[in-house]
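Chains, contacts and geometry: an overview
Chain by chain, the residues:
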Amino acid sequence: MGKLLAQMRTAPKGITGSIPQLQKILDAMNPGDRADLLAALDDPNIKTPSLVRVLAARGITISGSSVYRYRSGDLAHTVR
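Membership of the largest hydrophobic core comes to 15 residues, with the highest contact counts inside it found for L22, M29, L37, L41, L51 and L55. If you tally residues by element for this core, the top one is helix 3 (residues 31–42), at four residues. Non-local contacts of L55, meaning those with residues more than four positions away in its chain, are made with M29, L37, I60 and I62.

Structure, rendered in structure tokens:
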């Protein structure tokens, strides 16, 4: 394994400084809708495409990848 690869594998993830789209959406919601969205995100029975479509119908644009990242734990530590 080369030095570059070893360095990339051991580099801390860190914070990029940008605010995740999901966090922006949550910050703009009223407390009730925010709680509902978080509950939906945490509910594995609510499929990502359904969640994206319902939000789109309310004028809220979010990608399926943002939902996936939250559900896989990539955003859970920054979003709440």
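So much for the structure itself; the text now carries on.
Within the secondary structure layout, S50 lies in helix 4 (residues 48–57). C-alpha separation for the pair S50 and G64, spaced 14 residues apart in sequence, amounts to 9.7 Å.

Turning our eyes to something else, we now look at the pattern of salt bridges. Considering all chains together, one arrives at two salt bridges under this definition. In this structure, the salt-bridge partner of R34 is D27, at a minimum N-O distance of 3.6 Å. What makes D27 exposed here is its relative accessible area of 51%. The residue D33 makes a salt bridge to R58 at a minimum N-O spacing of 3.5 Å.

Calculation rules
- Residues numbered from 1 in each chain as written.
- Predicted model: local features only at pLDDT ≥ 70, side-chain atom pairs only at ≥ 80, totals over all residues.
- Heavy atoms only, no water.
- Core = buried A, V, L, I, M, F, W, Y, C linked by side-chain atoms within 4.5 Å.
- Buried < 20%, exposed > 50% of the residue type's maximum accessible area, 1.4 Å probe, protein only.
- Helix = DSSP H or I, 4+ residues; strand = E, 2+ residues; numbered from the N terminus.
- Contact = heavy atoms within 4.5 Å.
- Salt bridge = Lys/Arg side-chain N within 4 Å of Asp/Glu carboxyl O.

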